[in-house]
Amino acid sequence: MKSKSLVPVLIIVAALAVSACSKQKFVIQSGVGLTAENSMSAFFVGGIGQSHRINASEICGGSDKVVSVEAQTTFVNGLLSFMSGNLFTPRQYRIMCRS
């Protein structure tokens, strides 16, 4: 009987674990930009002590063309992290450039 009462709790915990999406957006210049790069960075064990450096000015062809940089944990990223027991922790990033 105890296992039946544990199932809803596990479902709620799993739903909360994969729904914790976050997004950081760094606006360098105002205006509208086109997505120049949309990729995933792979981190392990929650990304503790790890970093991924991206040169936005190199991707856009100059620092004057960079509009914004976004880093995001999407639903899919959270799901992959949850399924791996937080051993694999991917993160999405986008570079927006002026055309």
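In case you missed it, the structure is sitting above this.
Described in the following lines is the structure provided in the data block. (Residues numbered from 1 in each chain as written. Predicted model: local features only at pLDDT ≥ 70, side-chain atom pairs only at ≥ 80, totals over all residues. Heavy atoms only, no water.)

**Observations concerning the state of the cysteines**
The line we're drawing: Any two cysteine sulfur atoms within 2.5 Å of one another count as a disulfide. Secondary structure elements follow DSSP: runs of H or I no shorter than four residues count as helices, runs of E no shorter than two count as strands, and numbering proceeds from the N terminus. Classification of residues uses two cut-offs on accessible area relative to the type maximum, computed with a 1.4 Å probe and protein chains only: under 20% is buried, over 50% is exposed, and between them is partly exposed.
Counted under the stated rule, the structure contains 1 disulfide. The disulfide partner of Cys-60 is Cys-97, and the S-S distance across this bridge is 1.7 Å. Between Cys-60 and Cys-97, the disulfide has an S-S torsion of -70° and is therefore left-handed. A residue pair is termed long-range when its members are at least 10 positions apart, and Cys-60 in helix 2 (residues 56-60) and Cys-97 in strand 4 (residues 88-97) qualify at 37 residues. Here Cys-60 matches Cys-97 in class, with each residue buried.

**Let's talk about the pattern of salt bridges**
This is how the line gets drawn: Should a side-chain nitrogen of Lys or Arg be within 4 Å of a carboxyl oxygen of Asp or Glu, the pair is scored as a salt bridge.
All told, the structure shown has 3 salt bridges when counted by the stated rule. For Lys-25, the salt bridge is made with Glu-70, and the minimal N-O distance between the two is 3.8 Å. A residue pair is termed long-range when its members are at least 10 positions apart, and Lys-25 in strand 1 (residues 22-27) and Glu-70 in strand 3 (residues 66-73) qualify at 45 residues. In this structure, Glu-70 engages Arg-94 in a salt bridge whose closest nitrogen and oxygen atoms are separated by 3.1 Å. Of this pair, Glu-70 sits in strand 3 while Arg-94 is found in strand 4, placing the two residues 24 residues apart along the sequence. By relative accessible area, which is 18% here, Arg-94 ends up buried. A network of salt bridges, in which partner residues are shared, links Lys-23, Lys-25, Glu-70 and Arg-94.

Geometric values such as these leave the question of function open.
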